[in-house]
Amino acid sequence: MAPLKPILLVEDNPKDLELTLEAFAEAQLANDIVVARDGAEALSYLFHSDGQAVSKPTDPKYPAVIILDIKLPKVDGIEVLQRIKANDSTRAIPVVMLTSSKEEQDLVRSYRLGVNAFVVKPVGFKEFFDAIRDIGSFWAILNEPPPGCHPRRPRGS
């Protein structure tokens, strides 16, 4: 079986980052977690400086899912999403906005740009932890990606 694709986590808040990584560990996800702490770092992981995608769906670096905050330093999450969905090589990567923003304009704009899910970060520790664990489990284990894009762990393993 091909290696599992990594999860690209784009989060600048150290506490949210720590909780997210703990929740993924509790969910026993076998995927590697690649962390980008700002939008520019995420774009650097996904694209060359000329805007061409660094990886193709067959590349082991190609993410199974991108979990993206909106409010990021350097390049905001909306612009990162726009770049991902505008490129033929990265358009099929599922993107989940995980944000503290409850602004309707962020929600509407994200869906117009092609986000796959929009989740407002729960305030409570347990709720946040549970939401992250569920997001990781769904996108890395349960979701059926397009054929040939993302090898996944068989259910029950």
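Residues numbered from 1 in each chain as written. Predicted model: local features only at pLDDT ≥ 70, side-chain atom pairs only at ≥ 80, totals over all residues. Heavy atoms only, no water.

Describing the nonpolar core
The nonpolar side chains of soluble globular proteins are, as a tendency, buried together.
Alright, step 1. In terms of nonpolar packing, the biggest core is built from 24 residues, with Val 10, Leu 46, Ile 66, Leu 68 and Met 97 touching the most fellow members.
Alright, step 2. Of all the secondary structure elements, the ones that give two or more residues to this core are strand 1 (7-10), helix 2 (39-46), strand 3 (65-68), helix 3 (77-86) and strand 4 (95-99).
Alright, step 3. Aside from chain neighbours lying at most four places away, what touches Ile 66 is Leu 8, Val 10, Leu 46, Ile 84, Ile 93, Pro 94, Val 95 and Val 96.
Alright, step 4. If you look at the next biggest cluster of nonpolar residues, it comprises 17 residues, including Phe 24, Val 65, Ile 67 and Leu 98. (Core = buried A, V, L, I, M, F, W, Y, C linked by side-chain atoms within 4.5 Å. Buried < 20%, exposed > 50% of the residue type's maximum accessible area, 1.4 Å probe, protein only. Helix = DSSP H or I, 4+ residues; strand = E, 2+ residues; numbered from the N terminus. Contact = heavy atoms within 4.5 Å.)

Observations regarding the environment of Tyr 62
Alright, step 1. With respect to the helices and strands, Tyr 62 occurs in the loop between helix 2 and strand 3.
Alright, step 2. At 2.7 Å, the side chain of Tyr 62 and the backbone oxygen of Ser 89 are in polar contact. (Polar contact = N/O pair within 3.5 Å; in protein donor to acceptor, adjacent residues only side chain to side chain.)

Things to note about the sheet that holds strand 5 (residues 117-120)
Alright, step 1. Reading across from one edge, 2-1-3-4-5 is the order of the five strands in this open sheet, with parallel pairing throughout. One side of each edge strand has no neighbouring strand; the edge strands of this open sheet are strand 2 (33-36) and strand 5. The mean angle between the axes of side-by-side strands here comes to 20°, regardless of whether they run parallel or antiparallel.
Alright, step 2. With four bridges connecting them, strand 1 and strand 3 associate as parallel partners. Each residue of the ladder has a partner; that of Ile 7, found in strand 3, is Val 65.
Alright, step 3. The strands touched by helix 4 (residues 104-113) within the sheet are strand 4 and strand 5, with strand 5 carrying the most contacts at an inclination of about 160°. (Pairing = 2+ DSSP bridges. Axes fitted to C-alpha atoms, helices over the stretch in contact; angles between N-to-C directions.)

Notes on unusual backbone geometry
Alright, step 1. Non-glycine residue Gln 28 carries a positive phi angle of around 60°.
Alright, step 2. Here Gln 28 lies in the loop between helix 1 (14-26) and strand 2.
Alright, step 3. Classification of Gln 28 by relative accessible area gives exposed; the value is 62%.
Alright, step 4. Located in the positive-phi region is Lys 74, a residue other than glycine, with phi close to 70°.
Alright, step 5. Summarising the element assignment, Lys 74 is placed in the loop between strand 3 and helix 3.

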